[in-house]
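# Chains, contacts and geometry: an overview
These are the residues of each chain, in order.
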Amino acid sequence: MSSTRRETIVYEKSGPVARLTMNRPDRLNGMTNRMLVETRHALAAAAEDRELRVLVLTGAGKGFCPGADISQVASAAPDDPLTADDFRVPILLHNMPAVTIAAINGACAGAGLGWALACDFRFAAESARFNVAFLDVGVAGDMGGPWSLSRIVGSARARELYFLPGKFDAAEALRIGLVTRVFPDDRFRQEVDAIVNRLTDCAPIALRTLKANFVDSERMDFAGYVALESERHFRMFETEDTREAFAAKAQKRKPQFKGR
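Now for a look at the structure at hand. (Residues numbered from 1 in each chain as written. Predicted model: local features only at pLDDT ≥ 70, side-chain atom pairs only at ≥ 80, totals over all residues. Heavy atoms only, no water.)

Below, the discussion takes up the pairing of strand 1 (residues 2-5). The side chains of a regular strand alternate, residue by residue, between the two faces of the sheet. Of the strand pairs in this sheet, strand 1 and strand 2 (residues 9-14) are connected by four bridges, and their pairing is antiparallel. Looking at strand 2, one finds that Thr 4 is bridged to Tyr 11. Between strand 1 and the antiparallel strand that follows it, strand 2, lie three residues. (Pairing = 2+ DSSP bridges. Helix = DSSP H or I, 4+ residues; strand = E, 2+ residues; numbered from the N terminus.)

Quick look at the side chain of Thr 209 now. Here Thr 209 lies in helix 9 (residues 204-217). The residues touching Thr 209, leaving out its near neighbours within four places in the chain, are Arg 232 and Met 236. (Contact = heavy atoms within 4.5 Å.)

This brings us to the pattern of salt bridges. In this structure the tally under the stated criterion is 18 salt bridges. Close ionic contact of Arg 157 with Glu 160 constitutes a salt bridge, the shortest N to O distance being 3.0 Å. Here Arg 157 and its partner Glu 160 are both found in helix 6 (residues 155-163), three residues apart, which amounts to about one turn of the helix. A residue is classified by how much of its surface remains accessible, and Arg 157, at 27% relative accessible area, is partly exposed. Here Arg 235 ties to Glu 231 by a salt bridge, and the two come within 2.9 Å at their closest N and O atoms. With Arg 235 and Glu 231 both in helix 10 (residues 222-236), this residue pair falls four residues apart, about one helical turn. Arg 235 gets classed as partly exposed once you look at its relative accessible area, which sits at 43%. Residues joined in a network through salt bridges with shared partners are Arg 40, Asp 85, Asp 86 and Arg 88. (Salt bridge = Lys/Arg side-chain N within 4 Å of Asp/Glu carboxyl O. Buried < 20%, exposed > 50% of the residue type's maximum accessible area, 1.4 Å probe, protein only.)

What follows deals with the packing of aromatic side chains. In total, this model carries five aromatic pairs according to the counting rule given. Taken together, a centroid distance of 6.2 Å and an interplanar angle of 50° make the contact between Phe 123 and Phe 183 tilted. Here Phe 123, found in strand 8 (residues 121-125), pairs with Phe 183, found in strand 11 (residues 181-183); they are 60 residues apart in sequence, far enough to count as distant. In this structure Phe 123 comes out as buried when scored by relative accessible area, which is 2%. A ring pair is formed by Phe 130 and Phe 168, whose centres lie 5.6 Å apart and whose planes are at 15°; its orientation type is stacked. Here Phe 130 is found in strand 9 (residues 129-131), whereas its partner Phe 168 is found in strand 10 (residues 168-169), with 38 residues between them in sequence. Phe 130 gets classed as buried once you look at its relative accessible area, which sits at 1%. Relative accessible area serves as the criterion here: at 11%, Phe 168 is assigned to the buried category. Each residue in the set Phe 121, Phe 123 and Phe 183 is aromatic and connected to the rest through ring pairs, giving one cluster. Its end group placed over the ring of Trp 147, Arg 151 keeps NZ or CZ at 3.8 Å from the ring centre. (Phe/Tyr/Trp six-rings, centres within 6.5 Å; stacked < 30°, edge-to-face > 60°. Lys NZ or Arg CZ within 6 Å of the ring centre and 35° of its normal.)

If you trace the seven strands from one edge of the open sheet to the other, you get 1-2-3-4-6-8-11, paired in mixed fashion. Both outer strands of the open sheet, strand 1 and strand 11, are each paired with one neighbouring strand and no more. Sheet twist, expressed as the average angle between the axes of neighbouring strands with direction ignored, equals 20°. Of the pairings in the sheet, the one linking strand 8 to strand 11 comprises three bridges and is parallel in character. From the neighbouring strand, Ala 125 faces strand 11, where its bridge partner is Phe 183. (Axes fitted to C-alpha atoms, helices over the stretch in contact; angles between N-to-C directions.)

Interpretation note: all reported values are geometric properties and have no functional meaning in isolation.
Rendered as structure tokens:
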């Protein structure tokens with residue numbers, strides 16, 4: 001396993017799996033300018049990592065990320081200047097070839113919620129709590145939330161959560177479809193790891209192609225998308241991994257994928 005520790009995040013990679021941990025547990029991982037910059041750099045590198053298949057975004061300690069660190073913003077003393085490029089974090093989470101998972105272990109609000117919404121999956125611990133919260137601090141929001149949330153829970157519910165913010169628990173998040181699954185706190189990490197392992201057991205090329213299909217489907221009309229999907233589908237049958245998957249299925253054994 002390789003591990004890179006920066007001031008506000010820890011990036012760990014083991015084979016095809018990476019874990020990016022927001023690491024300000026004394027502030028429940030409240031977001032600072034430095035955290036935004038460090039996360040953007042880490043994700044930009046992850047997006048270019050051809051070995052990477054799954055990336056897990058989570059928080060250290062009892063929080064996921066409750067949004068901006070209010071005390072720092074109120075002090076008008078940002079730790080690092082920002083550029084428009086730093087706000088590409090949700091785009092990187094959404095578009096990168098690897099499957100992205102938000103492992104929501106605690107408070108998740110504001111910009112932190114925006115990051116979670118950009119991921120392919122959101123898994124929550126039972127103790128997790130959510131809030132959009134932007135209007136509560138006099139801003140309209142960032143991190144692409146209206147775009148992401150409208151696609152996840154529908155436009156009407158997304159507007160309700162943004163215009164009438166308030167706290168809600170993991171059970172409500174599951175009921176409205178904001179999160180995929182909720183797990184007991186004492187089994188949360190174990191359950192998320194089991195899903196990660198299931199994904200990394202898949203044929204690597206098929207996994208990356210399926211992710212690309214979903215991303216491309218959001219920008220294309222139906223006919224154009226089906227044409228692209230079909231082209232990729234035909235190419236898949238030229239790979240060793242697909243032939244191995246069919247052979248393993250027929251022989252009732254576990255496939256051995258080589259990523260080619």
